Amino acid sequence: MKKPKIVILGAGYGGLLTTVRLQKLIGVNEADIVLVNKNDYHYETTWLHEASAGTLHHDKVRYNISDVIDRSKVDFVQDTVVEINKDEKKVILEKGEVNYDYLVIALGGEPETFGIKGLKEYAFGITNVNSARQLREHIEYQFATYNMEEEKNDNRLSIVVGGAGFTGIEFLGELTNRIPELCHEYDVDFHKVKIYCVEAAPTVLPGFDPELVNYAVSTLERKGVEFLIGTAIKEAVPGGILVAKGDAEPYEIKSETVVWAAGVRGNSVIEKSGFEAMRGRVKVQPDLRVPGFDDVFIIGDSSLVINEEINRPYPPTAQIAMQQAELTAKNIAALIRNKAELENFTFDNKGTVCSLGEDDAIGVVFGKKLTGGKASFMKKVVDNRALFMIGGAGMVLKKGKFNLF
Ligand code: FAD
Ligand code: NAD
């Protein structure tokens, strides 16, 4: 009998963990496993704010996929997914195509720009290794160029971060540590540097514990961030952005560096492939399959799972993507062994920690509030845990964060 073919798209938290769990769970004679990913490396999306600010080299946030997969069980294809043909059970890639019996879509998310004019052209994102490297180098270039100019362009030293969600705040934590270093390296007066954070909602980190939010805001303000709260980015233009408080007239903040960290949507492949989606995310069944397509699972940032307690979607996180991956591997093993019943996904929320730079953070872990060194310690534990779950102790030793105190 022909072996079923399991195809996994994306080697981020969801896809790579599904792959390494499947390679343990099923034997070579039971199924063929194919993993497709754009790059030959996995990156820690949750560390990209560090690479973007330049506080951690981008090589530290990535590792080779071949280091964690068993090539005797998994066929790795380095290619970009263009579209999925669900009816023909076929994935169209840039350089070929691959058929599947079972498909796991784990292609992650993309920045949500809400159709705001100019963002795609003039703003930077914190999305992948390439965008992180570009942003770090762009900021350095602004500092390096500032001192070379006869007529100083102060806008080179003005940085705007759009969105005070977790990504925006974590990036600001790193940036405010990096700026004094950059000032020293490039002989720039620290007082000339301006850092703005523009947030449309009435508070920073909307929905998070107010006491912890206050801690984060006062820490970042002390390090030079000016928060513009209840203020929305309306348009990005060359050399700046237009913002408006409520219904007031928009005004311009001049800046050569605008970072858009104001939300994510599902991967564009989802909508291109004709899946019914909300902002690129597919509302999956409790067993994480796509309604109407029993052979297709979607996990991670392109999936949407409702938190029944509040009747709203869970925010897209690595924590959820990894829990979904573990369940999906189990469910696929059950399917190829012809077990009728699949398990349903339940989210086990272990908490949230938001870093504020190298040695400071805020968080709620197992229901307990943490700030400062303790929270920062927990953040590094969480970061190392992700490495461990996919790559084992060896990967933690290679890439882990050991400056725990
Ligand atoms: P990803 O891990 O992003 O992986 C997607 C993979 O698919 C990538 O390897 C990508 O290269 C590949 N891919 C994409 N498109 C294609 C294509 N067309 N063809 C082939 N391959 C493709 N969550 C937390 O729980 N805790 C945190 O502390 C945290 N911190 C974060 C910090 C930052 C700066 C950011 C940006 C996010 C953070 N998140 C955090 C959210 C978390 O990173 C995401 O929810 C998580 O990465 C989603 O996992 P995923 O598997 O869906 O996608
Ligand atoms: P987000 O959606 O959580 O936050 C985006 C912020 O941008 C919101 O506060 C929103 O009000 C604001 N915003 C939207 N439009 C705006 C506009 N026009 N002008 C100004 N502000 C605007 O997005 P995120 O921070 O990128 O996070 C994405 C996901 O990743 C979330 O699920 C988050 O929980 C997760 N994440 C988690 C961590 C962590 O756990 N440490 C870190 C980073 C990201």
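Owing to the predicted nature of the structure, the values given are computational and were not obtained by experimental measurement.

Thresholds applied
- Residues numbered from 1 in each chain as written.
- Chains lettered and ligands numbered in written order.
- Predicted model: local features only at pLDDT ≥ 70, side-chain atom pairs only at ≥ 80, totals over all residues.
- Heavy atoms only, no water.
- Helix = DSSP H or I, 4+ residues; strand = E, 2+ residues; numbered from the N terminus.
- Buried < 20%, exposed > 50% of the residue type's maximum accessible area, 1.4 Å probe, protein only.
- Contact = heavy atoms within 4.5 Å.
- Expected span 1.5 Å × (residues − 1).
- Near = heavy atom within 4 Å.
- Polar contact = N/O pair within 3.5 Å; in protein donor to acceptor, adjacent residues only side chain to side chain.
- Areas by Shrake-Rupley, 256 points an atom, 1.4 Å probe, with all protein chains shown as cover.
- Nonpolar A, V, L, I, M, F, W, Y, C, P; charged D, E, K, R; others polar.
- Domains from an automatic or database assignment.

A. Inspection of the environment of Ile 320 at higher detail. With respect to the helices, strands and loops of the structure, Ile 320 is situated in helix α8 (residues 318-336). For Ile 320, a relative accessible area of 7% puts it in the buried group. Along the backbone, Ile 320 and Asp 301 are 19 residues apart, and their C-alpha atoms lie at a distance of 8.9 Å. Each residue touching Ile 320, except ones within four places of it in the same chain, is listed here: Tyr 314, Pro 315, Phe 345 and Phe 347.

B. Local environment of α8. Compared with an ideal rise of 1.5 Å per residue, which puts 19 residues at 27 Å, α8 spans 27 Å between its outermost C-alpha atoms and is within 8% of the ideal. With respect to burial, α8 is a largely interior element, 16 of its 19 residues being buried. Backbone geometry just downstream of α8 places Asn 338 in the positive-phi region, at approximately 60 degrees.

C. Quick peek at the site of ligand 1. Of all residues adjacent to ligand 1, which total 30 residues, the nearest are Gly 14, Val 81, Asp 301, Ala 318 and Lys 379. One of the backbone N or O atoms of Tyr 13 is found 3.2 Å from an oxygen atom in ligand 1. A distance of 3.2 Å separates an oxygen atom of ligand 1 from a polar atom in the side chain of Asn 37. Here ligand 1, which alone exposes 1000 Å², has 89% of that area covered by the protein. Residue assignment for the shell around ligand 1 shows that the elements contributing at least two residues are α1 (13-25), α5 (166-185) and α8. Residue contributions to the shell around ligand 1 peak at three residues, all from α8. Partitioned by chemical class, the residues of the shell around ligand 1 number 10 nonpolar, 15 polar and five charged. Looking at the shell around ligand 1, you find at least three residues from each of domain 1 (5-38 + 79-111 + 265-349) and domain 2 (124-262).

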